[in-house]
Every structure is written in C-alpha cells, then in structure tokens.
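Each chain, written out:
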Amino acid sequence: MEALHPRIRLFWIAKGAIGAIVLGVGLAAADRWITDVPLAAIAAVVAVGFGLGIAYAVRLYRVWQYEIQPDALYLERGVVTFVETSVPFVRVQHVDTQFGPIERALGLSSVVVYTAGSRNADVRIPGLTPDRARDLQDTLRKLAVESEADDGV
Amino acid sequence: MNRLHPFTAISEALGRAASGLMLPLAAVTVLSESVDAVETSWLLVLAPLGVLSGLAYGVAHYYRFGYELTDETFDVTSGVFSRQAREIPYRRIQNVDVRQGMVQRLLGLAVVELETAGGGDTEATLEYVSKAEADRIQREVRRLTAEVDADGDRSAPSPEAEPTADADASTAADASTAADAPTDAADSGRSRPARTLLFELELRELVLYAATALRPGTAILPVFLLAFVSDEGGLLPGFVLELSAALLIGSIVVPWALATALLSAAMTVTQYYGFRLGREGNDFVYERGLVERHSGSIPVEKVQSVTITDNPLQRLLGYAGLWVETAGYGPGDSSASESTVPFAAESRVYGFAERITGLERPQFTSLPTLARRRYLARYAILAAVLVAAAYGVAQVSGLERWYLAAVAFAAAPPAAHLKWTNMGYAVCEDHLVVRRGFWKRRTTVIPYYRIQTLTTRRSLFQRRLGLASVVVDTASSATFSWSAPTIENVALEDARAVHDTGRDRLQTALHERDRDDERSGAFADRQ
C-alpha cells in the first residue's frame, strides 16, 4: 500500500482552517446582527475548529492508502466513515490529473479516475507529487487500455 | 436525408409565431411604461414582424432538420443559423422509444426518442414523424444495432457466452406461441425478427395494480384540492368546523385518503393501460398508456440490472413488479428505469427475471441481529426527535399532552424489525442480489459483469459493532433516483467476502464473455 505525500496534511489543515475561519466570521456576523456572542466564545470555537482540523488531517493522512492491484485500483480512506473502494481497471473510463490553487501552492496534484458508474463514480487520489500523479495516470491509462478489450456496459 | 412529417412545420411555425408575437408584446408593454421613446404603437409594426419571422423560422427549422439511417450511425442534422450534425453509432444506442400523445394519436403522428448511455438528455428526438415511420425507425435501428453487434469477430452468437443469450433460448422455448420462430439476431439477417409476446397486463391485474400502487406524490394534490374546497366555504358546511375533533379529522383525512387512492389509481391506469411486453430478436419491446401511448425497445445486452419491487399490499396478494435498468434514460419515467413487467404474480416476475438475467431464485442471507439493534437505535432517536419537536411546539402553541408523542417509541421496535427482516443479500453464481426496504421493497439483481466499482464502508458506529456496508455501483441510471444498491450492516468479514467475490467474479465473467459482446458495450467507447 502506498501512502500520500506528507504535504497533503498541510492541504487538509488549510481546508480545516478555512472552515474554522468561515465559522468564526459567521459567528461574528451573528454577534453583529442577531444576538450577542461573546468574543471568547468565538475565539474558542475557532480554536477548537483549528484543533479538530489538525487532528483530522493527521488522522486522515494516517489512514489514506492506495494500491495498484493486479485487476483493480484499491483505496482506503476516511476518518469518520472508513471506506475501501476497488475500481477494476476494465471500468476506468478516463483518468485526469487535477490541482486546485492550494494544492498547486503546495506542489501537489490529484488523480481523478472516472468510471461509468453513476454513484461514487469519481475516485480521487489527492496528495501526489506532479510526477507521481502523471506516472499514476499513465499507469492507470495503460492498464485500462490493456483490459479494455474485455470491457462492456 | 429524411424530413420530419410536414405537420411538424405547421406546429413548429405556429409555436414560433406565438413566441414571435409574445416577445415584442411583452417587451413593448414593459418598456413603454418606463422609457418615453418606446410607444405602444410600435406594436403595429413589431407584432406582425414577430409573427412573420416566427413563422419563417419554424418553417426553416423544419426544412433544415434531417435525419438518416446509415449503415453504422444514425445521423441528425439540425439548426437554422448554427448548424449541428450529429452521428450516433448504433452500438451506443440504449433504447428507442416512440411516444404518442392524444392529439398525435388522432393525427397518426409520433415522437421518436433515441437514448444513449451517459448523457442526461435524449440523444436525438424526432418530433414529429408519422407513426408508420416511427415504427420503421424503431425497427431499423434495432436491426442495425443487432447487425453491428454481430459483425464482430464472432460469426454467430454463442448461447453459452452470455446469460442473456441463454435467456433468448429459454424465451423461445417457453413461449407458448410455437409459430414464432426462434429469434437470433444473426439468423434474422435482413428480415424482420418475429415478435414473441411475453407479457400482457390483464384488466384484472391493472385494476389490482392501480389499487395497490400507492404513489406518495399524489397525496399532496388532494391537500390543495381540500384547501381550495374549504376556502370556498360554500362547499363545506359551516357546522362541520364546530363538530368534534374526531369528526373533523374524519372529514378531512378520509376524503383525503380516498382522493389520494383514486388519483394514484387513475395515474397508474393511464400509465399502464394496455401494457404489453414482447421480445424481438435481441430486444424487449413494450407498449403502454391510455392517453399517451408509449412504445419502446430495450436491448437485452444493454441491461445493467433488474429490480423487483413490491409493497406490503402487493406482497400480501402475491404480486410484484419488474424493472429493467439500462445505462440510458427511460422515457417519461423519472425513475429512469423501464418497467418491464409493472405488475404480475410474483412467480411470473421471478420467471421473467430468470429469463432476462439467468437468475435462479436466490436464497437470501439475512443480516446479523446487530443490524436490527442499529435500526432500533436509529428509530428510537427519530422518536426522541419527534417528542422533542412536540415539546417544542407545546412551548409556543399551548399544545397540551405533548408527551403523547412518546407512542412513537412503541413504533420503533416493530419498524426496526420489519426493516431488518426485509433486508438481505444473496451471492449467487452469476449475480449479486441485494434486497432492501420495507414499504417499497426492492430486490436488485446485479450481474457480476455489470459491477463498476465496489466500496466497503464503515461508519464510526459500524466499526464499534464490527459491521460494514457494501455499495455495489453499476452504470444503471436508475441509481440517480434510487440509491445505489447497498448491502447494509453485515459483519465485516462477510462484507469483505462479498467485496472480493464481486471483484473476482467480475474478472472471471469478463474473461468468459465473448469479446464481441464487449464491443457492443456502448458506454465503453470513449465519450
């Protein structure tokens, strides 16, 4: 099993921090227009939000794993709900590499695997170095093409 | 290139003319209020201009619309100013549907819709063609699709290659009409394959179906009707309001329930009147409808999964319905799956399921009792929320005896038990069968070779109890409205076993299947 790049934790922490800040701004707005919210409470909520975000990021990094198995891409992830997904290569429709602004700043990118499935259709592997992402994309594409003769919906 | 029926030009031109009239009318009326320069007298020029250009556009639209059946693709060109040319490879076509509204039936016209996998929209709509032409297109597309499918590296379809091919044989054998020749796509060649009638919804069945198919959606309409009636005052005598609460409830709930049931029944009858299912070569063909007549074809090879539905009433009577799901969108059916047999005796339904998928009647594994405990806890929480809500309402509205809401707790254990007993799964030779739901119970049969992804998930609570859920994803578009088939709350090792079995059998099935069958997989084509 392969782990993600350690820097992905920063990405998740950043996401958590954004969430905490949004919550803080929301509470501040409530304080301003709706009802009195003590500043200490806002600070506490934001601090707890940060803390939870960090703990979540650390934990998520520890559980996130993926592997290219003989017939399928296999992933394990999830803190609250632990999820194990197998994506058979024959089912791979196309593979993208993507990165958002934060990811780009951290020098990371994601690989997104699409299947014809209607739910849980898009499988995303975040926290890959651009090289690793391209590599994985190539590998998956090759494996998908190899097994394509067998494909059918 | 073929043109649509000339009537299209008339209806199109009239429609466009109407909007050509409305647009300047609305614009000038609004603008003349606020902008001084605009005067209502402009309408004398603008309105006829709008109508004329609308008419012209409609006619031009008709003349610029063409369709053609080539050897490999169905071509549609359209567009007056910006032109669009679309070629749909036959092997990507999931189903061909013909729709006839009431007016269209009178005029002998029909709408043809071609569905392919993947898109949210119908890939091509021909509105309108004559009924005869619609039938011809439907037939031709099916024939050409079958030809494209058969043109691969195999000369004739081998029955053992695929369960659906088996079903073909058994269908022919089972059909009482001996006159119908066995219908293999390869045999049929240029000639039209014979149609075998598989199922006809009898009047008695239709009535039973109408009586038992309760549509939750129809429960809302009577509320509006009632609100309307009681608002008018005159229709509902004043003293009714002064009667006891019980009578009041009776006077509202009973008519409401009756109206709901009647509406629901009426909708079912109009939708499924004259339902008929047949088989032509490698397609299922069906027709149905009282006012609006639908007919469509479902290629056997495009079937993703089959779902058998029943509600407690239907179970009591021993009836069930069968739905076939393809990757394309179903016509007029928001559920996006085709009702293949809307309502029939349960044994017959399982018979059909067997013919379509080769399924033998499965032995269900029930869920561990721990699962029941989870549902009990879940429903108890729900009851607690209800009591809390009642308490909340009591605080503001002076509602007394809010604690009576606690009867909800009494309902929790039986509800949990019913949910639990109606759930189950079966790991068969070629299929995974998932059963869930109490009120609308759905038994979904998924051939292993249709599995797209497999997911085992465990929430915090499930992990504590050592349980897991397996989500089996297919390309069936029914999962957009119905949740993806999920085996919920099984022991972790069983979940893992199902997950691995599904994966392994998918590979085996793919190896066993004839390569050529795969080529027919429309969705596999890069989109």
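Residues numbered from 1 in each chain as written. Chains lettered and ligands numbered in written order. Predicted model: local features only at pLDDT ≥ 70, side-chain atom pairs only at ≥ 80, totals over all residues. Heavy atoms only, no water.

Moving on, we come to the overall build of chain A. In terms of helices and strands, chain A carries four helices and seven strands. Reading chain A from its N end, one meets helices and strands in the order β-α-α-β-β-β-β-α-β-β-α. Judged by the C-alpha coordinates and their principal axes, chain A covers about 65 × 30 × 25 Å. Residue burial in chain A is summarised as follows: out of 153 residues, 45% are buried. Across chain A, contacts joining residues at least 24 apart in sequence account for 47% of those joining residues at least 6 apart. When the accessible area of chain A is evaluated, it comes to approximately 7,500 Å², of which 62% is carbon and sulfur surface. Each charge class in chain A was averaged separately, 15 positive and 17 negative side chains, and the resulting centres sit 7 Å apart. (Helix = DSSP H or I, 4+ residues; strand = E, 2+ residues; numbered from the N terminus. Buried < 20%, exposed > 50% of the residue type's maximum accessible area, 1.4 Å probe, protein only. Contact = heavy atoms within 4.5 Å. Areas by Shrake-Rupley, 256 points an atom, 1.4 Å probe, with all protein chains shown as cover. Lys, Arg positive; Asp, Glu negative; His and termini not counted. Charge placed at Lys NZ, Arg CZ, Asp CG, Glu CD.)

It is worth spelling out the pairing of strand β6 (residues 109-115) of chain A at this point. All names here are of chain A. Within β6, seven of the seven residues are buried, leaving the element largely enclosed by the surrounding structure. With burial as the criterion, each face of β6 is covered, one bearing S109, V111, V113 and T115 and the other bearing S110, V112 and Y114. Sheet analysis places strand β5 (residues 92-98) next to β6, joined by six bridges and oriented antiparallel. Among the inter-strand pairings, D96 is bridged to a residue of β6, identified as V112. (Pairing = 2+ DSSP bridges.)

Confidence along chain A averages 87 in pLDDT terms, with 93% of residues attaining 70 or more. Per-residue pLDDT stays below 50 along residues 149-153 of chain A; that stretch engages in 26 contacts with residues further than four places along the chain or on separate chains. (pLDDT = per-residue confidence, 0-100.)

On to the nonpolar core, then. Core analysis: the largest hydrophobic core is formed by 34 residues, its most contacted members being F199, L277, V306, L322 and V341 of chain B. Secondary structure elements with two or more residues in this core: β7 (195-200), α7 (203-212), β9 (283-288), β11 (303-310), β12 (319-326), β13 (338-345) and α12 (346-357) of chain B. I8, A57, W64 and V123 of chain A belong to the second-largest nonpolar core, a separate cluster that totals 29 residues. (Core = buried A, V, L, I, M, F, W, Y, C linked by side-chain atoms within 4.5 Å.)

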